[in-house]
Amino acid sequence: QMLSDPQMPYTKSLWAVRSLEKAEAPPAEPLLRAEHINAGYRGIPVLHDVSIEVQRGHTVAVVGESGSGKTTLARVIAGLMPATTGTLAFNGAALPISRKQRSRDDLRRIQMVYQSADTALNPRHTVRKLLGRPLQLYFGLRGAELEREVRTLLGMIEMQDGFIERYPGELSGGQKQRVSIARALAVKPELIICDEVTSALDQVVQEGILKLLMNLQRELQVSYLFITHDLATVRAIADEVVVMHRGRVVEHGMRSDVFAPPHEAYTESLLASVPQMDPDWLTEFTSRVPVPREA
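Okay, so let's go over this structure.

Conventions adopted
- Residues numbered from 1 in each chain as written.
- Predicted model: local features only at pLDDT ≥ 70, side-chain atom pairs only at ≥ 80, totals over all residues.
- Heavy atoms only, no water.
- Core = buried A, V, L, I, M, F, W, Y, C linked by side-chain atoms within 4.5 Å.
- Buried < 20%, exposed > 50% of the residue type's maximum accessible area, 1.4 Å probe, protein only.
- Helix = DSSP H or I, 4+ residues; strand = E, 2+ residues; numbered from the N terminus.
- 1 Å grid on protein atoms, 1.4 Å probe; cavity = no way out; pocket = protein on both sides within 12 Å on 5 of 7 lines; lining within 4 Å.
- Points joined across faces, edges and corners; volume = space filled by probe spheres on them.
- Nonpolar A, V, L, I, M, F, W, Y, C, P; charged D, E, K, R; others polar.
- Pairing = 2+ DSSP bridges.
- Axes fitted to C-alpha atoms, helices over the stretch in contact; angles between N-to-C directions.
- Contact = heavy atoms within 4.5 Å.
- Polar contact = N/O pair within 3.5 Å; in protein donor to acceptor, adjacent residues only side chain to side chain.

1. Some remarks on the nonpolar core
Here's step 1: Of all hydrophobic cores here, the largest spans 39 residues; its most connected members are Leu 131, Val 179, Ile 181 and Ile 192.
Here's step 2: At the level of secondary structure, the elements contributing two or more residues to this core comprise helix H6 (127–139), helix H7 (143–156), helix H8 (173–185), strand E7 (191–195), helix H9 (203–220), strand E8 (223–227) and helix H10 (231–237).
Here's step 3: No other element matches the six residues that H9 contributes to this core.
Here's step 4: Membership of the second largest hydrophobic core comes to 31 residues, among which are Ile 37, Leu 47, Val 60 and Met 81.

2. Details of the layout of surface pockets
Here's step 1: Each pocket or cavity is described by its volume, and for the second largest pocket that value is around 610 Å³.
Here's step 2: What lines the second largest pocket is a set of 23 residues, and nearest its centre among them are Arg 99, Gln 111, Pro 134, Tyr 138 and Arg 183.
Here's step 3: At the level of elements, helix H4 (104–109), strand E6 (110–113), H6 and H8 are the ones that each hand at least two residues to the lining of the second largest pocket.
Here's step 4: In terms of residue count, the dominant contributor to the lining of the second largest pocket is H6 (six residues).
Here's step 5: Along the lines of polarity and charge, the residues of the lining of the second largest pocket split into 14 nonpolar, four polar and five charged.

3. Notes on the sheet that holds strand E4 (residues 85–90)
Here's step 1: Strands sit in the order E2-E1-E4-E5 across an open sheet of four strands; the sheet is antiparallel. The two strands at the open ends of the sheet, each matched to only one other strand, are strand E2 (44–55) and strand E5 (93–95). When the angles between neighbouring strand axes are averaged without regard to direction, this sheet yields 25°.
Here's step 2: Direction of pairing for strand E1 (residues 30–41) relative to E4: antiparallel, over a ladder of five bridges. Paired with Glu 35 across the strands is Thr 87, a residue of E4.
Here's step 3: Along the sheet face, helix H3 (residues 70–78) touches E1, E2, E4 and E5 and points at about 65° away from the line of E2.

4. Description of the sheet that holds strand E10 (residues 248–254)
Here's step 1: Strand order in the open sheet formed by six strands is E6-E7-E8-E3-E9-E10, and the pairing between neighbours is mixed. Of all strands in the sheet, those bounded by a partner on one side alone are E6 and E10. For this sheet, the mean angle separating the axes of adjacent strands, direction not counted, is 15°.
Here's step 2: Pairing between E6 and E7: four bridges, direction parallel. Paired with Met 112 across the strands is Ile 193, a residue of E7.
Here's step 3: Sheet strands in contact with H9 are strand E3 (59–63) and E8, and its direction is about 155° off that of E8.

5. Here we look at the side chain of Ser 223
Here's step 1: By secondary structure assignment, the location of Ser 223 is in strand E8.
Here's step 2: A polar contact of 2.8 Å, which involves the side chain of Ser 223, links it to the backbone nitrogen of Gly 57.
Here's step 3: Contact partners of Ser 223, with chain neighbours within four places excluded, come to Leu 31, Val 54, Gln 55, Arg 56, Gly 57, His 58, Glu 190, Leu 191, Ile 192 and Gln 217.

6. Regarding the environment of Thr 267
Here's step 1: Relative to the assigned elements, Thr 267 resides in helix H12 (residues 265–272).
Here's step 2: Counting along the chain gives 77 residues from Thr 267 to Glu 190, while the straight-line C-alpha distance between them is 29 Å.
Here's step 3: If near-sequence neighbours (up to four positions away) are discounted, Thr 267 is found in contact with Val 243, Glu 251 and Val 258.

Structure, rendered in C-alpha cells:
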C-alpha cells in the first residue's frame, strides 16, 4: 500500500520521479552531429566508431553500464579530450575536435554540468562570484548589470537572493547542483551536457532538479545530452536514447522505440537489471514452494 497508494504528500514525493514523464518532442533540425568518433586514453581505445545526433530542443539520454564510454563521449563533444578520428558538427558547421582550436563562441555554446558539484564549484568562491565569472568572461558584464544578471540566474534556478553571498559549503547537495546548472546557463548555451547530475542526490531532490531542467528547456529551447545509468530518469525526461556498450552504440532511437520490445540483446539486459520493489514477493514465493508433509 505504501508503494502503490501513498497517502501523505511527503511520502508521495519520495516516489515522484517515477511519475515524471516528458512528452517526446517533435522532430527538429540537428544541433550536434558526432560521426565515427574513436578515442582512448594513452593508446587504449575506449570509443569505437561512435555516431550520435542531438536535435535542437531535445534531450538525448546516453545510457550504459560503468565503463561503457558515456563520459568519454561527453568529454570529446565538450572538447576536453581529443578524438583520434571522427568529426563533430554544430549548427551545420564543423566543430574543431580540440578545445584549444575552438573559438570563444564555440566554447560558450556547449556547456557541461558535472556529477559532483562539490568538486566542480570552487569552495572559496561565493555564489555571486561563481555565477559572475562566466558573465564577465564571455559578455564583459560589470557593476550593476552584472549584479542584475546574477540575480536573474538565481531566479531561474528557483533560489532566492539570500543565497548570493553563500559559499558552496553552506549549500545543500541539490542547491549546489542548481548553482552548477545556473553557471552553465549564464553564457546562454545551446547544448548542455549533464554528466550523471542527479546520481548523488536523493529521490526528492532528483525530482526537483529534473523538473527544473525540463522547465528551462521549455523556456529556453536548450538541448541536453544527458549521461546517466538511471533508467527511471531516462523515462522521465528523454526524447531519444543512445545505448552504449564497451565503447560502441548498440541502439539509438526515440525513447518509446528503445523501451518497447523487441529490444537489442544488451538493451534487454540493461532493462532486466533494474531493481524492482515488489512487496508481494514472499507471498508469491511461498505459494510456489511445496509444503512438506508431516511425518
